[in-house]
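Chain and residue survey
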Amino acid sequence: MDLEAVRRERSEWMKWKNIAPLREALEKLPSFDAAVTLGNTVELKTEEPVDMAEVERIARMMMPWRKGPFDLFGLFIDTEWRSDLKYNFLRPHFNLHGKKVADIGCNNGYYMFRFLEDTPTKVVGFDPSALFKSQFDLINRFVKSDIVYELLGVEHLPFYEEKFDVIFCLGVLYHRSDPVAMLKSLRQGLEEGGEIYLDTFIIEGDEPYALCPSESYSKITNVYFVPTLKALENWCLRAGFKSFEVLGAVRTTSDEQRKTDWIESHSLEDFLDPDDNSKTIEGYPAPIRGYVRIKKG
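To keep things clear, this report deals only with the structure shown in the data block. Because the structure is a prediction, the values reported are computed rather than measured. Residues take numbers from 1 onward in each chain, read along the sequence in its written order. Under the rules for a predicted model, residues below a pLDDT of 70 receive no local features and side-chain atom pairs below 80 are neither given nor counted, while totals for whole chains, interfaces and linings still include all residues. Side-chain numbers here rest on the full set of heavy atoms in the structure, without hydrogens or water.

**Examining the environment of Leu 44**
We count it as follows: Helix and strand definitions follow DSSP, with helices as H or I runs of at least four residues and strands as E runs of at least two, each counted in order from the N terminus. When checking whether two residues touch, look at their non-hydrogen atoms; a contact exists if any pair is within 4.5 Å.
As for its position among the elements, Leu 44 is in strand S2 (residues 42–45). Taking the C-alpha atoms as reference points, Leu 44 and Pro 30, separated by 14 residues in sequence, lie 14 Å from one another. Look past the residues within four positions of Leu 44 in its chain and what remains in contact with it is Ala 34, Ala 35, Val 36, Asp 71, Leu 72, Phe 73, Ile 139, Phe 142 and Val 143.

**Some points on the packing of aromatic side chains**
This is how it is decided: Pairing of aromatic rings covers Phe, Tyr and Trp, the last through its six-membered ring, and needs centres within 6.5 Å; plane angles under 30 degrees mean stacked, over 60 mean edge-to-face, and all others mean tilted. Whether a residue is buried, partly exposed or exposed follows from its accessible area with a 1.4 Å probe, protein chains only, as a fraction of its type maximum: under 20%, in between, or over 50%, in that order. Look at NZ for Lys and CZ for Arg. If either is within 6 Å of the ring centre and within 35 degrees of the ring normal, a charge sits over the ring.
Under the definition given, this model contains 25 aromatic pairs. With 5.0 Å between their ring centres and 70° between their planes, Phe 126 and Tyr 160 make a pair best called edge-to-face. Of this pair, Phe 126 sits in strand S6 (residues 122–126) while Tyr 160 sits in the loop between strand S7 (148–150) and strand S8 (164–170), placing them 34 residues apart in sequence. Accessibility assignment for this pair places Phe 126 and Tyr 160 in one class, buried. Ring centres of Phe 168 and Tyr 197 lie 5.2 Å apart, and the angle between their planes is 20°; this geometry places the pair in the stacked category. With Phe 168 in strand S8 and Tyr 197 in strand S9 (residues 190–202), this residue pair connects regions lying 29 residues apart in the sequence. Looking at Phe 168, the relative accessible area reads 1%, which means it is buried. By way of ring pairs, the aromatic residues Trp 65, Phe 70, Tyr 87, Phe 94, Tyr 110, Tyr 111, Phe 115, Phe 168 and Tyr 197 are connected into one cluster. Stacked on the ring of Trp 262, the Lys or Arg Arg 60 has its end atom at 3.9 Å from the ring centre.

**Remarks on the packing of helix H7 (residues 179–188) against helix H8 (residues 229–238)**
What counts, and what does not: Fitting a line to C-alpha atoms yields each axis, with helices limited to the stretch in contact; the angle taken between N-to-C directions then spans 0 to 180 degrees. We call two directions roughly parallel when the angle between them is under 35 degrees, roughly antiparallel when it is over 145, roughly perpendicular when it lies between 65 and 115, and oblique otherwise. Each crossing gets its handedness from the near helix: less than a right angle anticlockwise from the far helix is left-handed, clockwise is right-handed.
Two elements in contact, H7 and H8, have axes separated by 8 Å at closest approach and are oriented at 55°. Classified by the interaxial angle, the pair formed by H7 and H8 is oblique. Classified by chirality, the crossing of H8 by H7 is right-handed. Residue-level contacts link Pro 179, Val 180, Leu 183 and Lys 184 of H7 to Trp 235, Cys 236 and Arg 238 of H8.

**Notes on the sheet that holds S9**
Where we set the bar: A pair of strands is treated as paired once DSSP finds two or more bridges between them.
One open sheet holds the seven strands; their spatial order is S7-S6-S5-S8-S9-S15-S12, and the pairing between them is mixed. Unpaired on one side and paired on the other, S7 and strand S12 (243–251) mark the two borders of the sheet. Averaged over all pairs of adjacent strands, the angle between their axes in this sheet comes to 15°, without regard to strand direction.

**Some details on unusual backbone geometry**
For residues that are not glycine, phi is negative in most cases, and the peptide bond is trans in most cases. The linkage connecting Met 63 with the following residue, Pro 64, adopts the cis geometry, with an omega of 5°. The omega angle of the peptide bond from Gly 68 to Pro 69 is 20°, so this bond is cis rather than trans. You can see Pro 69 is positioned in the loop between helix H3 (52–61) and strand S3 (70–72). The backbone phi angle of Phe 73 is positive, close to 60°, even though this residue is not glycine. As for its position among the elements, Phe 73 is in the loop between S3 and strand S4 (75–77). Overall, Phe 73 belongs to the buried group, its relative accessible area being 16%.

What follows is the structure in structure tokens.
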């Protein structure tokens, strides 16, 4: 696969009529050094004069903001997902110091900014979204990190110019109609001995079964399979992984995912049965996230 050709083609996405105004506004925004706090909120501070009305105007042009939260010089972007909860759940299980790290489906880069706390040698994000890259570029205009953001997907990982020691793939697997093929692509992106931190929707049960929604799951139309942990393990074994470790299972609640002023669309409360929040609006078991660590070799 000619990745340079793919990159050239996707760089043209920045000229789309809904994206070009964001890029133009972003380029006009002054760039200056900022102090960065990489806590639960990725927070930027500066002693430079800041046109906060313009910062907010540009940030709101880039809605919806899904992952976060962020604080831009006092402007709090209260994202749909409190991604700090997921990050803090996973944080005790990994050490990224001196490692090459990839985030597949990196969205606006919230997790990648948090990774910098661990001083990895390199961080690369993969996400084919011009909007999310624009959000990342807004934050990184002031963070000035060396994070590489690629408008590529998991299908490009086997052909990427380098392999990774650690790959994060959070909330992507259920969007793929062939989960085993995706897991194989992830494995091909790893160095020998590398590890993957994966989270995906699961259903409860001890048997190797998977739910296959007919049209949508929790109002998400591109959810294809929701496995038990045993089924997920079998997928990973078929993809060639030798180690499968369950880190935990967490039911999604409105503490983690909810409608805010920064998304202007429906969220979890609209996706569940109003009379029984243990079920989705379609009548399926409500979302539970399974967190696992799988290793190559």
